[in-house]
Amino acid sequence: MNAAPMQAVRGMNDVLPDAAARWQFVEGVIREVAAGYGYREIRPPLVEKSALFSAAIGEVTDIVEKEMYSFADRGGESLSLRPEATAGCMRAGIEHGLFHNNCARLWYAGPMFRRERPQKGRYRQFHQFGVEAVGWHGPDIDAEILLLGARFFRRLGIHGLRLEINTLGGAGGESRARYRAALVDYLQKNRADLDEDSRRRLHANPLRVLDSKNPAMAGVIAGAPQITDYLNAGDAEFFSALRGLLEAAAVEYTVNPRLVRGLDYYTGPVFEFVADSESLGAQNAVCAGGRYDGLAQTLGGRPAPAAGFACGLERIIALAGGGGGGAAPDVYLISVDGGDGAGEALAAAETMRDAGLAIQCNCGGGAMKNQMKRADRSGAAFAVILAADERAAGKVTVKPMRGGEQRTVGIKDAVQIIKGETQWP
Ligand code: HAM
């Protein structure tokens, strides 16, 4: 009896060859845009000590309470698959002295792991492109990362995202403490209307109550006090300076006083780029981040102001649509007449590859008609045919697949024709 076929872990997707072309395209744009702003790549490991994430992200957060893939290493230490990469970047930067001169512009892209309930746009293994700018007090650098994000979306042909911003006060925590007191007071007065999760968070992490997705909580949340009314002069000034910079750079945004973010390290302005729910459904935040001036110290480093963001690449690829193909070979090489022909075909393919072309060889023989069908399916722009007549003449036949006459020419001419360096004879 056959065993049942193995299946992937729920919420962890295979990127199959057809889709891989789109990932490669997006990855190319990431490298180009990051370089355009002077950001340098960092690749922290996928696994870190669990203590790093609970210290950085916060004990009372969905991520740390319920979503991490944690396990005891054979030595007994608790390790976790990274649920995000800001903590790892800061750990690495402190450990290797990257912030000694006080400034670093970093980017990363790769898989993250959260055990959330999978649905459209929400997975257990997902990918992020993120940037972290460490060492600048801002708000010029906060504006820079927002411009970088906006350019990334434009370059992918993604339009119509809404940028929402808010502030959580400043690193001193004074504005936040005042706001927190007012919020707790308000929530306590409305305790009867709070759901169980919110009651639990009321004291441990009251700002997170504002982020509840429970429709029954919408009324309480709408009536809650707003942090922008509790900012001290310095924090209000910082937020308004950032808004001024965005306006000067013609970046459109709206202020959303309910935007609080699900990670505890944020200290100042925070933001999200959001798609309309028709395109992405409920999981419509494609990019999110903000300022986190206290994290370096929390992780045992010298104080270093910082700001960054991360984009969910699955959501971005869903929005970017079918663009960025590029997986089809330039040439499908047809060789009829087995025998020596197969060796000659392989050699001809190598010559064309030396010239920089991508060649898919017909393998496994077959009649001319069948091989032509396969050439068509490969998506190649040209078929190059090597049959008995061509071999006798030391030439190949170049056939454009999307209309146009075929020609029999020497291999060097064939390469030039395919590359578009020679006019079609
Ligand atoms: P985050 O809001 O947790 O922030 O995630 C950022 C983005 O990752 C989200 O807006 C979303 O697009 C994507 N994302 C998150 N979870 C999932 C999931 N389960 N499936 C698919 N996509 C997902 C952070 O991770 C911070 N580290 C961002 C940051 C960097 N802040 C400062 N620097």
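Keep in mind that what you see is a predicted model, and the values were worked out from it rather than measured.

Draft legend 1. Representation of a nonpolar patch on the surface. Among the surface-exposed residues, L46, V47 and F71 lie close enough to one another that they form a single nonpolar patch of about 220 Å² accessible area. Within the fold, V47 resides in strand β2 (residues 47-49).

Draft legend 2. Highlighting the nonpolar core. Counting 48 residues, the largest nonpolar core has I57, M90, Y108, L183, L187, L210 and Y265 as the members making the most contacts within it. Residue contacts for M90: discarding those within four places in its chain leaves F99, V134, Y292, L295, A296, L299 and A306. Within the second largest apolar cluster, 40 residues are counted, among which are Y37, Y253, A275 and F309.

Draft legend 3. How the structure looks around the pattern of salt bridges. Going through the model one piece at a time under the given rule, you end up with 24 salt bridges. Here K49 and E77 are joined by a salt bridge, their closest N and O atoms 4.0 Å apart. Residue K49 is located in strand β2, and its partner E77 is located in the loop between β3 (70-72) and β4 (78-81); the two are separated by 28 residues in the primary sequence. Given a relative accessible area of 38%, E77 falls into the partly exposed group. With a shortest N-O distance of 3.5 Å, K213 and D211 are connected by a salt bridge. The exposed category is assigned to K213, whose relative accessible area is 70%. Connected via shared salt-bridge partners are D62, E65, K66, D197, R200, R201, R208, D211 and K213.

Draft legend 4. Structural detail: empty space enclosed by the protein. With the rule as written, the count across this model stands at one cavity of 30 Å³ or more. Looking at the largest cavity, its volume works out to about 70 Å³. Lining the largest cavity, in full, are L168, R176, N205, L207, R208, V260, R261, L263 and D264. Split into classes, the residues belonging to the lining of the largest cavity amount to four nonpolar, one polar and four charged.

Draft legend 5. View of the side chain of E164. Along the chain, the position of E164 falls in strand β7 (residues 162-167). Here R162 takes part through its side chain, which lies 2.9 Å from a polar atom of the side chain of E164. Within the structure, the side chain of E164 is placed 2.9 Å from the side chain of N256, a separation counted as a polar contact. Sequence-distant contacts of E164, defined by excluding residues within four places in its chain, comprise T254, N256, L259, V270, F271, E272 and V274.

Draft legend 6. Main features of the site of the ligand. Taken together, 25 residues lie around the ligand, and E84, E116, E132, Y266 and A285 are the ones closest in. Here a nitrogen atom of the ligand and a side-chain polar atom of E116 are 2.7 Å apart. Burial of the ligand by the protein amounts to 95% of the accessible area it has alone, namely 660 Å². At the level of elements, β6 (125-134), β10 (285-291) and β11 (306-312) are the ones that each hand at least two residues to the shell around the ligand. Among the elements that line the shell around the ligand, the one with the most residues is β10, at five residues. The class makeup of the residues in the shell around the ligand is 12 nonpolar, six polar and seven charged.

So, how was this worked out
- Residues numbered from 1 in each chain as written.
- Predicted model: local features only at pLDDT ≥ 70, side-chain atom pairs only at ≥ 80, totals over all residues.
- Heavy atoms only, no water.
- Patch = residues over 30% accessible without salt bridge, like charges linked within 9 Å, V, L, I, M, F, W, Y side chains within 5 Å.
- Areas by Shrake-Rupley, 256 points an atom, 1.4 Å probe, with all protein chains shown as cover.
- Salt bridge = Lys/Arg side-chain N within 4 Å of Asp/Glu carboxyl O.
- Helix = DSSP H or I, 4+ residues; strand = E, 2+ residues; numbered from the N terminus.
- Core = buried A, V, L, I, M, F, W, Y, C linked by side-chain atoms within 4.5 Å.
- Buried < 20%, exposed > 50% of the residue type's maximum accessible area, 1.4 Å probe, protein only.
- Contact = heavy atoms within 4.5 Å.
- 1 Å grid on protein atoms, 1.4 Å probe; cavity = no way out; pocket = protein on both sides within 12 Å on 5 of 7 lines; lining within 4 Å.
- Points joined across faces, edges and corners; volume = space filled by probe spheres on them.
- Nonpolar A, V, L, I, M, F, W, Y, C, P; charged D, E, K, R; others polar.
- Polar contact = N/O pair within 3.5 Å; in protein donor to acceptor, adjacent residues only side chain to side chain.
- Near = heavy atom within 4 Å.

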